[in-house]
Amino acid sequence: MGKLDGIATLLDEIGIVYSKEENGILMVWDTEQFDELRVLILTDPDEKWLFITALFTNFDNIPEDRQHKLMYDLLVASWKVNGVKFVITSDNNIAVTAETNDMDLTGDELRTLIDNTVGACDILATFTPGYTD
């Protein structure tokens, strides 16, 4: 796992429960909106970037008459919420992601990236069709 081994050590130090998966690190969170929010920590193939990502539903699952509003809301939320991006992935999944090329993170920095991602997921759930209606 390379760099992810160092991230796992940091997670141990800051007391975050996780499991090592084939391609990354998986954390499961209970939040205001989710009983089991799955958040992944991944690196790019060169291990120069770290990504903390939570996948939502596939964009194609959103009713067509609500897709444009959702895209607008994703854009607006990306400007309002600190430290994360609301995106539609190349696989057409709606996701929240925090990313950094600082591979020498401290525990506090890692905690902030995770907290930003988890908090943003609760915000995303409030305006994504199928999560609150």
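Each remark here, short or long, concerns the structure printed above.
Predicted model only: the values in this text are computed from it and were never measured.

Conventions adopted
- Sequence order as written defines residue numbering, which begins from 1 separately in each chain.
- The predicted nature of this model means local features are confined to residues of pLDDT at least 70 and side-chain atom pairs, given and counted, to a pLDDT of 80 or more, with totals for whole chains, interfaces and linings taken over all residues.
- Calculated side-chain values reflect all of the structure's heavy atoms, with hydrogen atoms and water omitted.
- Put simply, DSSP H or I for four residues or longer makes a helix, DSSP E for two residues or longer makes a strand, and each gets a number counted from the N terminus.
- We compute the radius of gyration from the C-alpha atoms alone; for a globule the expected value is 2.2 Å times N to the 0.38, where N is the number of residues.
- Burial here depends on accessible area, computed with a 1.4 Å probe over protein chains only, as a share of the maximum for the residue type. Under 20% is buried, over 50% is exposed, and the range in between is partly exposed.
- For this analysis, residues touch if any pair of their heavy atoms sits within 4.5 Å.
- Where accessible areas are quoted, they stem from the Shrake-Rupley method and a 1.4 Å probe; at the residue level, only the protein chains shown are allowed to cover.
- When charges are counted, Lys and Arg contribute as positive and Asp and Glu as negative, whereas His and the chain ends are disregarded.
- Here the site of a charge means NZ on Lys, CZ on Arg, CG on Asp, or CD on Glu.
- Here, strands pair whenever DSSP counts at least two bridges between them.
- To estimate the expected span of a helix, count its residues, drop one, and scale the result by 1.5 Å.
- The directions considered for the arc are those from the helix axis to the C-beta atoms.
- Whenever a carboxyl oxygen of Asp or Glu lies within 4 Å of a side-chain nitrogen of Lys or Arg, that contact is scored as a salt bridge.

(A) The arrangement of the overall build of the protein in detail. What the protein contains, in helices and strands, is three helices and six strands. Moving toward the C terminus, one meets the helices and strands of the protein in the order α-β-β-β-β-α-β-β-α. Scaling as 2.2 N^0.38, a compact globule of 133 residues should have a C-alpha radius of gyration of about 14 Å, and the protein matches this with 15 Å. Taking the principal axes of the C-alpha coordinates as reference, the protein spans close to 45 × 30 × 30 Å. Split into buried and exposed, the 133 residues of the protein put 43% on the buried side. For the protein, long-range pairs separated by at least 24 residues make up 56% of all intrachain contacts whose partners lie at least 6 apart in sequence. Accessible surface, the protein as shown: approximately 7,700 Å² in total, 47% of it carbon and sulfur. In the protein, which carries 9 positive and 25 negative side-chain charges, the distance between the mean positions of the two groups comes to 4 Å.

(B) Fine view of the pairing of strand β2 (residues 25–29). Burial analysis of β2 places four of its five residues in the buried class, the great majority of the element. Pairing geometry for strand β1 (residues 19–20) and β2, over two bridges, is antiparallel. What sits directly across from Lys20, in β2, is Ile25. Counting the residues that bridge the hairpin from β1 to β2 gives four residues. The pairing of β2 with strand β3 (residues 37–43) spans five bridges and is antiparallel. By the bridge assignment, Trp29 is partnered in β3 with Leu37.

(C) Structural detail: helix α2 (residues 64–80). The first and last C-alpha atoms of α2 sit 25 Å apart over 17 residues, in line with the 24 Å expected at 1.5 Å per residue. For α2, the full list of buried residues reads Gln67, Leu70, Asp73, Leu74 and Ala77. Projected down its long axis, α2 shows its buried positions confined to an angular sector of 130 degrees, all on one face. Exposed residues lying more than 90 degrees from the buried face of α2 are Asp65, His68, Lys69, Tyr72, Leu75 and Trp79. Contact partners of the buried residues in α2: β5 (85–88), β6 (93–100) and α3 (107–127).

(D) Quick peek at α3. With 21 residues, α3 should cover 30 Å at 1.5 Å per step; its first-to-last C-alpha distance of 31 Å lies within 8% of that length. When α3 is considered as a whole, its buried residues turn out to be Gly107, Leu110, Leu113, Ile114, Thr117, Val118, Ala120, Cys121, Asp122, Leu124, Ala125 and Phe127.

(E) Focus on the pattern of salt bridges. Scanning the entire structure with this criterion turns up four salt bridges. The residue Glu99 makes a salt bridge to Lys85 at a minimum N-O spacing of 3.2 Å. Taken together, the positions of Glu99 in strand β6 and Lys85 in strand β5 put the pair 14 residues apart, joining distant regions of the chain. Two residues, Arg111 and Asp115, come together in a salt bridge whose shortest N-O distance is 3.7 Å. Residue Arg111 and its partner Asp115 are located together in helix α3, separated by four residues, close to a single helical turn. For Arg111, a relative accessible area of 28% corresponds to the partly exposed category.

So yeah, pure geometry; function would need other evidence.
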